[in-house]
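Now for the letters of each chain:
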Amino acid sequence: MLQAKRHPRPVTAAHPAGAGRRGDFRPSGAPPLLRVAGLALALAFAFPGVYLVYRNFAEGADPAGLLISDRTLGPLWRSVRLAVSVSGTALVLGAALAWLTTRTDLAWRRLWRVLLPLPLVFPTFVGAAAFIHTLNPGGLANDLLAGIGLDRTPELRGFYGAWLVLTLMTYPYVYLPVAARLRQLPGSLEESARVLGETALRVFGRICLPQIATAMGAGTLLVFLYTLSDFGAVQLMRYDTLTRAIATNQLANPPVALALSLLLLVLAALVVLAERRFSRRLPDAATVQSSRPMVYHLGRWRVPALGFVALSAGAGVGAPLVALVDWAARGLARSATGGRSLTIDGAKVLEATTNTLGASLAAAVLSTAAVLPIALLVGRHRSRLGSFAHAVVVSTFALPGILIALSMRFWTLRSDLAFELLNDTMALLIFAYMVRFGSLAMGVTLVAVRSVPARLHDSARILGAGRLRRFLAVDLPMMGPGLLAGTGLVLLSVMKELPISLFVSPPGFFTLTTQIFGAFEEAFIAEAGIMAVVLVGLSFVLTWFLVIRRDHLM
């Protein structure tokens, strides 16, 4: 059968070169089975949030009445205050570090590009515990400062402790996208502005800032949502935010926990909507990569800039790592010399590691498999149902882990069928992980789907290959790298998840995060240090291959 020849779309500002790959596939009717799968998956991802809303009204939680009570307004104000402070500081810190390591003649730039993303390997509660037991009286810093005449360090607790830890642990969410965007900016406009006598500061404000504003906004949104949803750091710092209040009231006062959960859900949704509205007003950024990026000479500021970068890397990576290694080494040394015996052994650490890797890998593979039908509906068939399902999956990133855990916990307690079938199995835990982190796989998977040229499908169809054969022979090989990248991102995130692992895990099942958190809460510092070193080591290996190595080679 003869087919009409498709003329290539002209390259314009609205359709830049390289965008044609996205438009290769014409809108077409999606297979019925694919549409059913997309609808079912959208409903599954939406279930935890919808169930929380339903329970609020079905149980008479009275969220409107609790909204004006002290037990609600206090945690709400503290959550907003902390999220605004952390996201603002992380924005400034991450953007400054990205600029210094990509656009200046800073010494040892390649080294800093490896070190600065490494706070991603630390769960926030591990960083919080490291700073608490290092800086507080009796900690490692006291021993070091005693040698220079300082006998006491200030105690790190409450708002300032949570702000410091969360800023140092989350600034890579701003640093990574801004650094990547700065490396893509064409340097010709900056060079022309400098020739015309513009200062470096004016060039940054007038040329670079509009181009990196989208990356800065996206990274800041991630930090804000992460801070809102954080439980481990604020729990150890004893700072009463919404997440800590929800965890405290989930058993003692379920209606209050439900009302607080709805409030946190609405707050996260408002932040996402505000960010999207703001991002639409930003100018479209050019995607042409410069072969000769603009490099600014720091001059007399080179040494202060080097000190600033080194201090940031030392505080975000060096201090927690030194604390963890010190705890583990002291505990092992005391146990070997006849001191206090460790409450864990190699078998328990191995079991926790195996559980962590097994559950994380299962959740990562299933998350990618779950979002693939939705990505096919959106990227290949331009389906409205696919767009709806895509929006549902992406919006779950704004759903904090503690809300998903609370929803699953209440559902199993209220539903006899769910309790009998799921309470003693891994299914509920894996499903909660998928809802929490499926959005991470969604973006990468959609890019992978759109990377398959339509001409290969046309050729396979002419040769008589059916849908399934084309999917196995054409789609999967080409989408493989993207699917593996999405799987790896989910794997890395699940390994560090605390609230879901803490509240949804089956009886007798424990992960490295739950064991570490429990050990810190019970003041078993040596045991926590040993398991934290294992977790950080695993996270570092994954982060190296998934984030740092790829970024370092660019």
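Each remark here, short or long, concerns the structure printed above.
Since the model is a prediction, treat every value here as computed from it, not as a measurement. Here the residue numbers are simple positions, counted from 1 along each chain's written sequence. A pLDDT threshold of at least 70 governs which residues receive local features in this predicted model, and a stricter bar of 80 or more applies before side-chain atom pairs are shown or counted, although totals over entire chains, interfaces and linings include all residues. Just so you know, side-chain values use all the structure's heavy atoms and leave hydrogens and water out.

Q: Got a minute to help me understand the packing of helix α16 (residues 384–395) against helix α19 (residues 427–450) in this structure?
A: Working note: a packed helix pair is described by the angle between its axes plus the distance between those axes. As a rule, the C-alpha atoms of each element are fitted with a line to give its axis, helices using only the stretch in contact, and angles between N-to-C directions run from 0 to 180 degrees. By the criteria applied, helices consist of DSSP H or I runs no shorter than four residues and strands consist of E runs no shorter than two, each listed in order from the N terminus. With their axes 7 Å apart at the nearest point, α16 and α19 run at an angle of 135° to one another. Considering the angle they form, α16 stands oblique to α19. Within the contact between the two elements, α16 uses H390, V393 and V394 and α19 uses G438, S439, M442 and L446. Class assignment for the residues of the contact of α16 with α19 results in 4 nonpolar, 3 polar and no charged. Geometric relationships in this document are graded by angle, where less than 35 degrees denotes roughly parallel, more than 145 denotes roughly antiparallel, 65 to 115 denotes roughly perpendicular, and other angles denote oblique. Residues are treated as being in contact if the distance between any of their heavy atoms lies within 4.5 Å. Here the term charged refers only to Asp, Glu, Lys and Arg, the term nonpolar to Ala, Val, Leu, Ile, Met, Phe, Trp, Tyr, Cys and Pro, and the term polar to all other amino acids, Gly among them.

Q: I keep staring at empty space enclosed by the protein and nothing clicks. Help me out?
A: Vacant regions in the atomic arrangement are exposed by a probe of water-molecule size rolled over the atoms. Think of a 1 Å grid over just the protein atoms. A cavity is a set of points where a 1.4 Å probe fits yet cannot get out, a pocket is an open set with protein on both sides within 12 Å along at least five of seven lines, and lining residues have an atom within 4 Å of a point. Grid points are joined across faces, edges and corners, and a volume is the space filled by probe spheres set on the points. Under the defined criterion, the tally for this structure stands at 3 cavities of 30 Å³ or more. Reported here for the largest cavity is a volume of approximately 40 Å³. Forming the boundary of the largest cavity are P119, L120, F122, T124, M169, T170, Y173, Y226 and K496. The residue inventory of the lining of the largest cavity, partitioned by class, reads 6 nonpolar, 2 polar and 1 charged.

Q: Is there a simple way to think about the packing of helix α1 (residues 32–58) against helix α15 (residues 346–379) in this case?
A: Where α1 contacts α15, the two axes come as close as 9 Å, and the packing angle between them is 125°. On the basis of the axis angle, α1 is oblique to α15. Every pair of crossing elements has a handedness; the one defined by α1 and α15 is left-handed. Across the interface between the two elements, L34, R35, A37, G38, L41 and F45 from α1 touch A370, V371, P373, I374, L376 and L377 from α15. Among the residues forming the contact of α1 with α15, the class breakdown is 10 nonpolar, 1 polar and 1 charged. Two helices that cross are described as forming a left-handed crossing if the nearer one is turned anticlockwise from the farther one by less than a right angle, and a right-handed crossing if clockwise.

Q: I'm lost on the nonpolar core in this one. Help?
A: The tendency in soluble globular proteins is for nonpolar side chains to be buried as a group. Among the nonpolar cores identified, the biggest contains 151 residues, and I516 and F520 are the most heavily contacted of them. For I516, the residues in contact, after removing those within four places along its chain, are F125, V126, A528, M531, A532 and L535. Grouping buried Ala, Val, Leu, Ile, Met, Phe, Trp, Tyr and Cys residues that are joined through side-chain atoms within 4.5 Å yields what is termed a nonpolar core. The classification of residues rests on relative accessible area computed with a 1.4 Å probe and restricted to protein chains. Under 20% of the type maximum is buried, over 50% is exposed, and intermediate values are partly exposed.

Q: Looking at this model, I keep getting lost on helix α17 (residues 401–414). Mind explaining?
A: Note on helix geometry: an α-helix contains 3.6 residues per turn, so any two residues three or four positions apart are oriented the same way. Given a helix with a known number of residues, its expected span is that number minus one, times 1.5 Å. The end-to-end C-alpha distance of α17 is 20 Å, a good match for the 20 Å that 14 residues give at a rise of 1.5 Å each. With respect to burial, α17 is a largely interior element, 10 of its 14 residues being buried.

Q: Where do I start with unusual backbone geometry in this structure?
A: A negative phi angle characterises most non-glycine residues, just as the trans form characterises most peptide bonds. A positive phi is found at W108, a non-glycine position, where the angle reads about 60°. Summarising the element assignment, W108 is placed in the loop between α3 (70–103) and α4 (109–115). The phi torsion at R238 lies on the positive side, around 60°, for a residue other than glycine. Note that R238 resides in the loop between α11 (232–237) and α12 (242–252). Among the residues examined, R238 registers a relative accessible area of 41% and is labelled partly exposed.

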